[in-house]
Amino acid sequence: MSEATTPRFRSVLDRFQAYKPGKVVVSPEGRSFKLSSNESPQGPLPSVLEAITEAAQRVNRYPDNNCTALIEAIAAHHGVPADHIAVGCGSVGVTQMLLEAVAEPGAEVVYAWRSFEAYPILVALSGATAVQVPLRDETHDLSAMADAITERTRLVFLCNPNNPTGTAVRRAELEAFLDRVPAECLVVLDEAYREYIRDADVPDGLTLYGGRPNLVVLRTFSKAYGLAGLRVGYMVGHPEVAEAIRKSYLPFSVNSIVQAAGVASLAATGELLARVEHTVKERERVHNALLADGWTVPPSEANFVWLRLGERTLDFSASCDAQGVSVRPFAGEGVRVSIGSPEENEAFLAVAKAYPHRN
């Protein structure tokens, strides 16, 4: 009998760790404030909850694999043709679909770092080579990113606002960058936090893609629309791109409940954006309070703030944990803190105020 062996897996799995979601911590007093996952602090609107309940009664049937009603609702909401849209299991799922459509061994994918932590995982799994370009002043260094593009570059990710720093690139610099990108290289403008932007000079990607066949805009229902637990995102691009992406769609991966919830959420956009405005006001309050306490905090256009702490990152995170406040630490770099309810934000600010060191 031969010696026991384990199955053989792809060698790329040895080179990274799996994605780790934001943790939940509890203080000795039983307090728990989860500010580690950029979630909406508010539950579904009554109209959306009603749509979810109704759809749940039909889960014995497969969902519409073409997401017809949802795509039509997205098209009407943004004023774009339905054949410009592809839907997936969260914007992360759409990101994976994009990579499956364009990436392969020998190809390169360019993105800023630090940026969304799923990029390196998904790029590695696609077989492509990641080209990471360091941030400059906590935001994308678009000139350096353009310089990093070669004949092997198939795709460039631009996370705007950037996760985890919250910073955003503005219209003039973004258009200048897009003008430098070769037509055969796909640019993915990841706008997961678009609804939280208040800087009028940060462009809506949907106003840019029309004349640029190589530009794709990513959106999600997870953040402002509060459907993080249901998982649905989408891309808007030229029909040739959308069709290629749809070919890599995992059948039935956007379930019937989330399709119904997405349609209902778009119908309730006004109510939902009023909630977003509350989060934006809380973001500004938290930002100003941190500045007043001596912290250095870059301006954020998302639903979180960023503290660069370097080697003190894990120590600060542990101080938050001890008070039942979970934040998202990136060892040796900093922490990302989601904007929650006023009570949650106050709990975080109390820890930050008491922390003995400033950045």
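Our subject is the structure listed above.
Residues numbered from 1 in each chain as written. Predicted model: local features only at pLDDT ≥ 70, side-chain atom pairs only at ≥ 80, totals over all residues. Heavy atoms only, no water.

Q: Could you clarify how one ought to interpret empty space enclosed by the protein in this entry?
A: Applying the stated criterion to the full structure yields 2 cavities of 30 Å³ or more. For the largest cavity, the calculated volume is near 50 Å³. Along its surface, the largest cavity is lined by Ser40, Gln42, Gly43, Pro44, Leu45, Val48, Ala224, Tyr225, Gly226, Leu272 and Arg275. Forming the walls of the second largest cavity are Ser40, Pro41, Gln42, Tyr196, Lys223, Ala224, Arg275, Val276 and Thr279. (1 Å grid on protein atoms, 1.4 Å probe; cavity = no way out; pocket = protein on both sides within 12 Å on 5 of 7 lines; lining within 4 Å. Points joined across faces, edges and corners; volume = space filled by probe spheres on them.)

Q: Teacher, can you tell me more about the pairing of strand S6 (residues 186-190) here?
A: Looking down a regular strand, the side chains alternate between one sheet face and the other. Most of S6 is tucked away: 5 of the 5 residues are buried. Residues of S6 alternate between two faces, with Leu186, Val188 and Asp190 on one and Val187 and Leu189 on the opposite face, all of them buried. Where strand S5 (residues 153-159) meets S6, 5 bridges bridge the pair, whose relative direction is parallel. Each residue of the ladder has a partner; that of Leu155, found in S6, is Leu186. Running through helix H6 (residues 171-180), the crossover from S5 to the neighbouring parallel element S6 is right-handed. Bridging between S6 and strand S7 (residues 215-220) involves 4 bridges; their strand directions are parallel. Paired with Leu189 across the two strands is Val217, which belongs to S7. (Buried < 20%, exposed > 50% of the residue type's maximum accessible area, 1.4 Å probe, protein only. Helix = DSSP H or I, 4+ residues; strand = E, 2+ residues; numbered from the N terminus. Pairing = 2+ DSSP bridges. Right-handed = clockwise from strand over helix to strand, strands pointing away.)

Q: What should I look at first to understand the pattern of salt bridges in this one?
A: Note on pairing: side chains with opposite charge can pair once their charged atoms come close. Across all of its chains, the model carries 21 salt bridges by this definition. Here Glu117 and Arg328 are joined by a salt bridge, their closest N and O atoms 3.0 Å apart. With a gap of 211 residues between them, Glu117 in the loop between strand S3 (108-113) and helix H4 (118-126) and Arg328 in strand S11 (residues 328-330) connect regions that are remote in the sequence. Take Arg328: its relative accessible area is 7%, and that puts it in the buried class. The partner of Asp179 in a salt bridge is Arg212, and the shortest N-O contact between them spans 2.9 Å. Of this pair, Asp179 sits in helix H6 while Arg212 sits in the loop between S6 and S7; the two residues are 33 residues apart in sequence, bridging distant segments of the chain. Overall, Asp179 belongs to the exposed group, its relative accessible area being 57%. Each of the salt bridges in this network shares a partner with another, and the network as a whole consists of Glu108, Glu151 and Arg152. (Salt bridge = Lys/Arg side-chain N within 4 Å of Asp/Glu carboxyl O.)

Q: Help me understand the packing of helix H1 (residues 46-56) against helix H8 (residues 256-267) in this model?
A: Two quantities define a packed helix pair, namely the angle between the helix axes and the distance between the axes. For the pair H1 and H8, the least separation of the axes is 8 Å and the interaxial angle reads 155°. In this view, H1 runs roughly antiparallel relative to H8, as classed from their interaxial angle. H8 is crossed by H1, and the crossing has right-handed handedness. Note on element contacts: H8 touches H1 through Ser256, Ile257, Ala260, Ala261, Ala264 and Ser265, opposite Ser47, Val48, Ala51, Ile52, Ala55 and Ala56. Residues belonging to the contact of H1 with H8 are distributed by class as follows: 9 nonpolar, 3 polar and no charged. (Axes fitted to C-alpha atoms, helices over the stretch in contact; angles between N-to-C directions. Parallel < 35°, antiparallel > 145°, perpendicular 65-115°, else oblique. Left-handed = near helix turned anticlockwise from the far one by under 90°. Contact = heavy atoms within 4.5 Å. Nonpolar A, V, L, I, M, F, W, Y, C, P; charged D, E, K, R; others polar.)

Q: Please explain the environment of Pro41 as it appears in this structure.
A: Position of Pro41 relative to the elements: it lies in the loop between strand S1 (33-34) and H1. Judged by relative accessible area, Pro41 falls into the partly exposed class, the value being 37%. Residues Pro41 and Ile339, spaced 298 residues apart in sequence, show a C-alpha to C-alpha distance of 8.0 Å. Setting aside residues no more than four positions away along its own chain, Pro41 makes contact with Thr279, Ile339, Gly340, Ser341 and Glu344.

Q: Looking at this model, I keep getting lost on the sheet that holds S3. Mind explaining?
A: Sheet strands pair via backbone hydrogen bonds, and the direction of the pair is either parallel or antiparallel. Taken together, 7 strands build an open sheet; the order of strands is S2-S8-S7-S6-S5-S3-S4 and the sheet is mixed. On the outer flanks of this sheet lie strand S2 (85-88) and strand S4 (129-134), each paired with one strand and no other. Each adjacent strand pair in this sheet contributes to an overall mean axis angle of 25°, direction not counted. Across 4 bridges, the pairing between S3 and S5 is parallel.

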